[in-house]
Amino acid sequence: MRHNDRRQGQARPRRRITIAGTGLALALTAAGPASASFTQDVGSPFGAGSVPADVVAADFNADGRTDLADVNNGAANVSVLLRQPTGGFASEFGSPFAVGTLPDAMTVADFNGDGRPDLAVGNYNADSVSSLLRQPGGGFTSEGDITVAGHSTAVAAADFTGDGRPDLATTKESANKVSILVRGVGGSFGIGPAPATGASPEDLTIADFNGDGKPDIATANLVSDSVSVLLGQGSGNFSSEGDITVPGHSRGIVAADFNGDGRPDLAVTKFNINQVSILLRKASGGFAEEAGTPFDVGSDPRGVVAADFNHDGRPDIAIANHGSRNVSVLLRNAAGGFTPDPSSPLPTAGAASRIDAADINGDGKTDIVSANEDTANLSVLLNTTPDPAGTPTPPTILPGAPGPTPIATPISATAKRIKAHLRLSWLVSSRAVTLTSAVLSEIPAGTTVRVSCATCKLKSKLKKLTVKGTKVTVTGLRNKRLRRGATFSITITKPGYVGQVLSRTVRRYGKSASAIRRAAADPFTEKTRCVPVGKTLPAKTC
């Protein structure tokens with residue numbers, strides 16, 4: 001079934017990807033401010049193609065800065081905007097890149113294992129998914145289209161078969177199904193299973209709902225006013241856990257652990273009644289509406305993302321309100337529920353349909369970008385929330401028992417120290433932990449990053465990176481499978497600075513469902529060491 005706005009050439013809500021776990025190295029426990037604050041980026045809104053339907057953020061050209069890609073519903077192509085050193089964006093050479101007709105949704109992942117972010121686009125009218133591979137010299141090359149009859153309205157990537165390669169899941173709106181596209185050994189995608197959903201699945205999200213280490217799927221079903229939950233079996237097949245009634249025409253959906261119990265919950269936008277519902281995952285399985293839900297938002301809410309906007313350690317949500325042309329920001333309360341941020345809603349330059357959350361300007365804070373359908377542009381809202389009050393000074397590392405003094409290069413007492421943040425995302429299974437992303441932030445421009453992992457078989461070009469900006473995606477670790485006891489280290493150095501080594505070791509967790517669920521919350525032990533000025537190896541003291 002088609003909704004009226006589809007006939008008018010407008011786009012539909014998107015997917016958001018949520019994985020089994022995430023972690024932030026050196027995260028501070030000090031309480032954050034009660035509210036968040038945002039401001040329009042200089043130059044915002046930035047021009048896009050005709051009817052931008054979806055937007056994703058990633059470092060496409062490996063310069064340490066966050067770029068944008070938007071899918072243009074009215075032009076059958078994808079525009080790529082590269083973040084500039086002085087701020088703002090510029091269209092990449094060769095952009096836009098052709099895809100199928102009436103493209104509706106997009107996701108980013110490294111499909112061919114070359115360490116570069118690729119794109120997959122769901123094409124509504126063409127009944128297909130386009131695969132675009134990132135090229136070493138810039139730009140994208142089409143890998144071809146995969147036929148998926150039933151009108152694709154959302155697409156997401158995850159390893160559904162457990163072979164270490166990212167597969168795809170795409171909704172089939174008119175067929176009331178999700179189609180699984182399996183990545184082959186030699187490249188390209190093949191047609192996999194197509195589990196049934198409720199009527200008119202509009203959006204989907206991925207998370208490990210039952211704690212077995214395998215990615216599951218939840219869909220927002222517009223016509224049946226429901227959410228379908230599909231539990232992954234690890235082979236590409238899924239079993240239905242059943243549908244949850246969510247009145248008000250479910251439109252967008254995202255998964256995050258809102259109540260901090262280690263289980264992924266759901267936020268669902270309801271465009272017919274201008275609200276968002278929160279569904280909490282129960283220990284015994286299934287979902288239940290949170291007390292106080294639903295929460296009011298703007299007119300015609302569509303896309304939704306989850307991120308910690310006010311630095312208090314709890315996931316907040318942002319909703320694109322197409323009808324009221326703005327974004328609602330709801331802050332998670334310590335006792336449960338959500339409260340609108342005082343600055344909410346945030347105006348956009350047009351009818352916002354989909355949004356993404358990422359650190360656009362490299363300051364370590366999560367910003368918001370919206371795709372504005374009727375004005376052919378993207379609004380970038382920079383997070384200006386103050387850093388948490390009472391930030392503690394890193395503890396002094398004291399020598400151990402009396403003995404020989406460690407040999408270290410003397411440095412000035414005023415030498416700057418690198419204090420990087422490492423954010424990891426992962427999936428945990430009974431066999432291994434799969435890293436789905438690794439991002440370093442709050443690093444000085446011009447640092448050298450070295451990656452070591454004895455079991456990862458890293459390509460030489462991915463072992464050493466020179467970072468131009470203050471943030472970098474460690475692409476060499478993406479989709480690496482680490483068995484129990486495996487260790488990787490990231491060494492960050494810059495002339496004149498005390499460097500830093502961040503090491504992570506996979507815990508030796510059990511194989512039971514409960515052990516895997518506990519491990520999914522944080523499967524690593526952490527170790528941080530310093531590197532003396534002018535050196536490349538760590539020392540006991542610096």
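Quick notes on the rules
- Residues numbered from 1 in each chain as written.
- Predicted model: local features only at pLDDT ≥ 70, side-chain atom pairs only at ≥ 80, totals over all residues.
- Heavy atoms only, no water.
- 1 Å grid on protein atoms, 1.4 Å probe; cavity = no way out; pocket = protein on both sides within 12 Å on 5 of 7 lines; lining within 4 Å.
- Points joined across faces, edges and corners; volume = space filled by probe spheres on them.
- Nonpolar A, V, L, I, M, F, W, Y, C, P; charged D, E, K, R; others polar.
- Domains from an automatic or database assignment.
- Phe/Tyr/Trp six-rings, centres within 6.5 Å; stacked < 30°, edge-to-face > 60°.
- Helix = DSSP H or I, 4+ residues; strand = E, 2+ residues; numbered from the N terminus.
- Buried < 20%, exposed > 50% of the residue type's maximum accessible area, 1.4 Å probe, protein only.
- Disulfide = S-S within 2.5 Å.
- Contact = heavy atoms within 4.5 Å.
- Pairing = 2+ DSSP bridges.
- Core = buried A, V, L, I, M, F, W, Y, C linked by side-chain atoms within 4.5 Å.
- Axes fitted to C-alpha atoms, helices over the stretch in contact; angles between N-to-C directions.

1. Some points on empty space enclosed by the protein
Point 1. Scanning the model with the defined rule gives one cavity of 30 Å³ or more in all.
Point 2. Approximately 90 Å³ is the volume found for the largest cavity.
Point 3. What lines the largest cavity is a set of eleven residues, among which D208, G211, G262, P264 and A520 lie closest to the centre.
Point 4. A class-by-class count of the residues in the lining of the largest cavity yields five nonpolar, three polar and three charged.
Point 5. When residues of the lining of the largest cavity are assigned to domains, at least three map to each of domain 1 (38-383) and domain 2 (416-526).

2. Details of the packing of aromatic side chains
Point 1. Taken as a whole and judged by the stated rule, the model has ten aromatic pairs.
Point 2. Taking 5.7 Å as the distance between ring centres and 70 degrees as the angle between the ring planes, the aromatic pair formed by F38 and F309 counts as edge-to-face. Here F38 is found in strand β3 (residues 38-40), whereas its partner F309 is found in the loop between β27 (301-307) and β28 (316-321), with 271 residues between them in sequence. By the burial criterion, F38 is buried, and F309 matches it.
Point 3. With centroids separated by 5.5 Å and ring planes inclined at 70 degrees, the aromatic side chains of F160 and F238 adopt a geometry described as edge-to-face.

3. Looking at the state of the cysteines
Point 1. Within the structure shown, the criterion is met by one disulfide.
Point 2. Paired by a disulfide, C453 and C456 hold their sulfur atoms 2.0 Å apart. Around the S-S axis, the bridge from C453 to C456 shows a dihedral of about 55 degrees and counts as right-handed.

4. Quick word on the environment of R417
Point 1. Take R417: it is sitting in strand β35 (residues 416-417).
Point 2. A relative accessible area of 43% means that R417 is categorised as partly exposed.
Point 3. Taking the C-alpha atoms as reference points, R417 and K494, 77 residues apart in sequence, are found 9.6 Å from one another.
Point 4. Non-local contacts of R417, meaning those with residues more than four positions away in its chain, are made with Y497, V498, C530 and C542.

5. Quick notes on the pairing of strand β21 (residues 238-245)
Point 1. Two strands pair when backbone bridges link them, and strand β20 (residues 226-232) and β21 are joined in this way by seven bridges, in the antiparallel orientation. Opposite V227, over in β21, you have I244 as the bridge partner.

6. Re the environment of I490
Point 1. Inspection of the secondary structure assignment puts I490 in strand β42 (residues 487-493).
Point 2. In contact with I490, not counting residues within four places along its chain, are L422, L440, V449, R450, V474, L477, Q500, V501 and L502.

7. Here we look at the nonpolar core
Point 1. With 34 residues, the main nonpolar core has L440, L477, L482, F488, I490, I492 and F524 as its most contacted residues.
Point 2. Leave out the neighbours within four places in its chain, and L482 touches A432, V433, L435, C453, T455, C456, F488, V506 and F524.
Point 3. Counting 16 residues, the second-largest nonpolar core is a separate cluster that includes V80, F97, L119 and F140.

8. With respect to the sheet that holds strand β16 (residues 177-183)
Point 1. Judged by pairing direction, the sheet is antiparallel, and its four strands sit side by side in the order β14-β15-β16-β17 without closing on themselves. Two strands in the sheet have a free side with no partner beyond their single neighbour: β14 (155-158) and β17 (189-191). Mean inter-strand twist for the sheet, computed between neighbouring axes without regard to direction, equals 30 degrees.
Point 2. Note: β14 against strand β15 (residues 167-172), four bridges, orientation antiparallel.

In short, shape yes, function no, at least from these values alone.
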